[in-house]
Amino acid sequence: MMMMRALGRFAVAVMVLLQSTLASAQLDPNRTPPSLDPARTANGLAPTPPMGWNSWNRFGCEVNEAIVRKAADRIVATGMAGAGYRFVVIDDCWHGKRDGAGFITADPARFPSGIKALADYVHSRGLKFGIYSDAGAMTCGKRPGSQGHEYQDALTYARWGVDYLKYDWCYTGSRNAEEAYALMAEALKASGRPIVFSICEWGQNQPWKWAARIGNLWRTTGDIGDHWQGKRDWRLGIVDIADLNEPLAAYAGPGHWNDPDMLEIGNGGMSDTEYRSHFSLWAMMAAPLMAGNDLDRMTPALADILLNREVIAVDQDRLGRQGRRVSRDGDAELWARPLADGGAALLLFNRGSRARAIDWSAADAGFAPGARLGVRDLWAHRALGSASGGRLTVAPHGVIMLRLTPASAERTHRG
Ligand code: GAL
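In every chain, residue numbers begin from 1 and rise along the written sequence. Restriction of local features to residues with pLDDT of at least 70 applies here, the model being predicted, together with a cutoff of 80 or more for giving and counting side-chain atom pairs; totals for whole chains, interfaces and linings are based on all residues. In computing side-chain values, all of the structure's heavy atoms are included and hydrogens and water are not.

1. Some thoughts on the environment of threonine 273
Argument step 1. Strands are runs of DSSP state E lasting at least two residues, helices are runs of H or I lasting at least four, and both sets are numbered from the N terminus onward. Relative to the assigned elements, threonine 273 resides in helix H9 (residues 272–284).
Argument step 2. For every residue, the accessible area obtained with a 1.4 Å probe (protein chains only) is divided by the maximum for its type, and the residue is called buried under 20%, exposed over 50%, and partly exposed between those limits. By relative accessible area, which is 27% here, threonine 273 ends up partly exposed.
Argument step 3. Linking threonine 273 and leucine 155, residues 118 residues apart in sequence, is a C-alpha distance of 44 Å.
Argument step 4. Residues are treated as being in contact if the distance between any of their heavy atoms lies within 4.5 Å. Residues in contact with threonine 273, not counting those within four places in the same chain, are Pro396, His397 and Gly398.

In structure tokens form, the structure reads like this:
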């Protein structure tokens, strides 16, 4: 009996010692910060670029729970869920105040049922649920940010059933970006729930150089606008964004993606031809595909774009190699992306305002010169026979997107 008591006291003493050592290690200013830990890895999520819908591009700060529920319903009803769109993400402006203990709450006027109920609803539709916060004192929409509340917020998100966090960079003062994002990544890990981590610091601190160890996707540019080219207010055109994101190809791969921002398809500022180019360029760049339109007002032409499974298959290709521009002749460009089946996607892209004949060859797509390839047009949904090159006329601001399959792989595919 005496022996048992002594053992018990010893065990308690060991635990107290262990806890205080851990606590002082956490407080130790010389401790390696999580961002500098050489063994650090991200969370193992997002083997292919995340797909879903986000409230910001269409609804901005006017978002509310009815809009989010409706989006979840429409993602299922339109067939988008079946095509791979899984995450329903509320962007900025869902927040209310922090409670007396510092926990974040939802805006009671816009989200009267609370975020947990909304997440449950999204999950009941077979989808995943995402939310937004900011590494600074406030979000860009001036709601409470997560700075100083990282662990509390991560815990709250996990309790609500959050599967995806977009984490912005407004009002961060002199914070070190890598450190700030690593801290939230630690908090998310500690919450015990798998949560895809979307880093949104607009490419200001070259996140492609450090963020693969911290999160699953990182914005490479400032905000996208619903227009073709040039800056409008602070927003960039889709062509400008493609140009900024393209040279970063080497940094992307399974679990860690360059994010050239969310889709503007269907928001009314561009033609269907331009929206097809937008979607194709994003697929060539292995970009996350987050639709940003009002899914209740989707024309058949827009649905044909967002639901083009052949283009989505390129985006989601499991090899995860981001495509590159391989040639440029004035407004005529070729972009190529190697695919897991040994084939490649090839984009004939006309930036100009006149129709343009564009030549392509097997060598442009990384095959031996003269190699015979099965050629499929991913917008016409049509096989174009076999060829080792050709010339095709591309509409102004348009694309032709081809999937090229080497003859041997074709035979294998046909069994
Ligand atoms: C920006 C971000 C946008 C959107 C917005 C919300 O910083 O790039 O995608 O999240 O904040 O206020």
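2. Some words on the packing of aromatic side chains
Argument step 1. Only Phe, Tyr and Trp rings take part, Trp by its six-membered ring, and two of them pair if their centres are within 6.5 Å. Stacked means planes under 30 degrees apart, edge-to-face means over 60, and tilted covers everything else. Taken as a whole and assessed by the stated rule, the structure comprises eleven aromatic pairs.
Argument step 2. Consider the rings of tyrosine 167 and tyrosine 181, whose centres lie 5.5 Å apart with planes at 90°: the pair is edge-to-face. Here tyrosine 181 lies in helix H7 (residues 177–191) and tyrosine 167 lies in strand S6 (residues 164–168), a separation of 14 residues in the sequence.
Argument step 3. Pairwise contacts between aromatic rings join Tyr167, Trp169, Tyr181, Phe197 and Trp210 into one cluster.
Argument step 4. Any Lys NZ or Arg CZ that is within 6 Å of a ring centre and within 35 degrees of that ring's normal is treated as a charge sitting over the ring. Geometry around phenylalanine 59 places arginine 58 over its ring, the cationic atom sitting 4.9 Å from the centre.
Argument step 5. Directly above the ring of tyrosine 121 sits arginine 69, whose terminal nitrogen or CZ lies 4.6 Å from the centroid.

3. As for the packing of helix H6 (residues 150–160) against H7
Argument step 1. Simply put, an axis is a line fit to the C-alpha atoms, just over the touching stretch for a helix, and the angle between two N-to-C directions goes from 0 to 180 degrees. Relative orientation of the contacting elements H6 and H7 amounts to 40°, with a least axis distance of 8 Å. Classified by the angle their axes make, H6 and H7 are oblique. Considering the relative orientation of H6 and H7, their crossing is right-handed. Contacts between H6 and H7 involve Glu150, Tyr151, Asp153, Ala154, Leu155, Tyr157 and Ala158 from the first element and Leu183, Met184, Glu186, Ala187, Leu188, Ala190 and Ser191 from the second.
Argument step 2. Looking at side-chain class alone, the contact of H6 with H7 contains ten nonpolar, one polar and three charged residues. We call two directions roughly parallel when the angle between them is under 35 degrees, roughly antiparallel when it is over 145, roughly perpendicular when it lies between 65 and 115, and oblique otherwise. Helix crossings get a hand from a simple test, with the near helix turned counterclockwise from the far one by less than a right angle marking a left-handed crossing and a clockwise turn marking a right-handed one. All amino acids are sorted into three groups, where Ala, Val, Leu, Ile, Met, Phe, Trp, Tyr, Cys and Pro are nonpolar, Asp, Glu, Lys and Arg are charged, and the leftover types, Gly among them, are polar.

4. A closer look at the side chain of threonine 221
Argument step 1. Looking at where threonine 221 falls in the secondary structure, it is placed in the loop between strand S8 (217–219) and helix H8 (238–245).
Argument step 2. Judged by its relative accessible area of 2%, threonine 221 falls in the buried class.
Argument step 3. Other than its neighbours up to four places away in sequence, threonine 221 contacts Trp202, Gly203, Leu236, Ile241, Leu244 and Pro260.

5. Some words on the domain arrangement of the protein chain
Interface size, as often reported, equals the accessible area lost upon joining of the parts.
Argument step 1. Here the protein chain is described as being made up of domain 1 (41–315) and domain 2 (324–410).
Argument step 2. Boundaries of every domain are those given by an automatic assignment or by a domain database. On a C-alpha basis, the centroid separation for the pair domain 1 and domain 2 is 30 Å.
Argument step 3. Between domain 1 and domain 2, the contact holds 27 residues from the first and 21 residues from the second.
Argument step 4. Joining two parts hides part of their accessible area as seen by a 1.4 Å probe, and the buried area is that hidden amount summed over both. For the pairing of domain 1 and domain 2, the buried interface totals around 2,100 Å² over both sides, and the portion due to carbon and sulfur atoms is 62%.
Argument step 5. A carboxyl oxygen of Asp or Glu within 4 Å of a side-chain nitrogen of Lys or Arg is what we treat as a salt bridge. The interface formed by domain 1 and domain 2 contains five salt bridges.
Argument step 6. A salt bridge links glutamate 310 to arginine 376; the shortest N-O distance between them is 2.6 Å.
Argument step 7. Here a polar contact is recorded for every N or O atom pair within 3.5 Å, except that within protein the pair must consist of a potential hydrogen donor and a potential acceptor, and residues adjacent in sequence are included only if both atoms are side-chain atoms. Across the contact surface, domain 1 and domain 2 share 14 residue pairs in polar contact (both at pLDDT 80 or more).

6. As for the side chain of glutamine 316
Argument step 1. Mapped onto the secondary structure, glutamine 316 falls in the loop between helix H11 (309–315) and strand S11 (324–329).
Argument step 2. Polar contacts involving the side chain of glutamine 316 include one to the side chain of aspartate 315, which spans 2.8 Å.
Argument step 3. Ignoring any residue separated from it by four or fewer positions in sequence, one finds glutamine 316 in contact with Thr48, Pro49 and Met51.

7. With respect to the packing of helix H3 (residues 65–77) against helix H5 (residues 115–124)
Argument step 1. In contact at an axis separation of 9 Å, H3 and H5 are set at 10° when each is read in the N-to-C sense. Taken together, the axes of H3 and H5 lie roughly parallel to each other. For the pair H3 and H5, the contacting residues are Glu65, Val68, Arg69, Ala72 and Asp73 in the first and Ala117, Leu118, Tyr121 and Val122 in the second.
Argument step 2. Residues belonging to the contact of H3 with H5 are distributed by class as follows: six nonpolar, no polar and three charged.

8. Focus: the site of the ligand
Argument step 1. Around the ligand, the neighbouring residues are Trp56, Asp91, Asp92, Tyr132, Cys140, Lys166, Asp168, Cys200, Trp202, Arg219, Asp223 and Met262.
Argument step 2. Aspartate 223 places a polar side-chain atom, nitrogen or oxygen, 2.5 Å from an oxygen atom of the ligand.
Argument step 3. To measure how exposed things are, a 1.4 Å probe is used in the Shrake-Rupley method; for residues, cover is taken only from the protein chains shown. Relative to its unbound accessible surface of 310 Å², the ligand loses 95% to contact with the protein.
Argument step 4. Of the residues belonging to the shell around the ligand, the class tally is six nonpolar, no polar and six charged. We call a residue near a molecule or strand when any one of its heavy atoms sits within 4 Å of it.

9. Some details on empty space enclosed by the protein
Argument step 1. As defined here, a cavity is a set of points on a 1 Å grid over the protein atoms alone where a 1.4 Å probe fits but cannot get out. A pocket is an open set with protein on both sides within 12 Å along at least five of seven lines, and residues line them when an atom is within 4 Å of a point. Grid points are joined across faces, edges and corners, and a volume is the space filled by probe spheres set on the points. Applying the stated rule across the entire model yields one cavity of 30 Å³ or more.
Argument step 2. Surrounding the largest cavity, 13 residues form its lining, Tyr164, Lys166, Ser198, Asp259 and Met262 being those nearest its centre.
Argument step 3. At the level of elements, S6 and S8 are the ones that each hand at least two residues to the lining of the largest cavity.
Argument step 4. In terms of residue class, the lining of the largest cavity is built from seven nonpolar, two polar and four charged.

10. Looking at the state of the cysteines
Argument step 1. Put simply, a disulfide is two cysteine sulfurs that come within 2.5 Å. In this structure the tally under the stated criterion is two disulfides.
Argument step 2. Through a disulfide, cysteine 61 is tied to cysteine 93; the S-S separation comes to 1.8 Å. Pair noted here: cysteine 61 is in the loop between helix H2 (56–59) and H3 and cysteine 93 is in the loop between strand S2 (87–89) and strand S3 (95–98), with a separation of 32 residues, a long-range link.
Argument step 3. Owing to a relative accessible area of 0%, cysteine 93 belongs among the buried residues under this scheme.
Argument step 4. Taken N- to C-terminal, the disulfide-bonded cysteines of the protein chain are connected 1-2, 3-4.
Argument step 5. Free of any disulfide, cysteine 200 has its nearest cysteine sulfur in cysteine 140, 7.0 Å distant.
Argument step 6. The class of cysteine 200 is buried, set by a relative accessible area of 1%.

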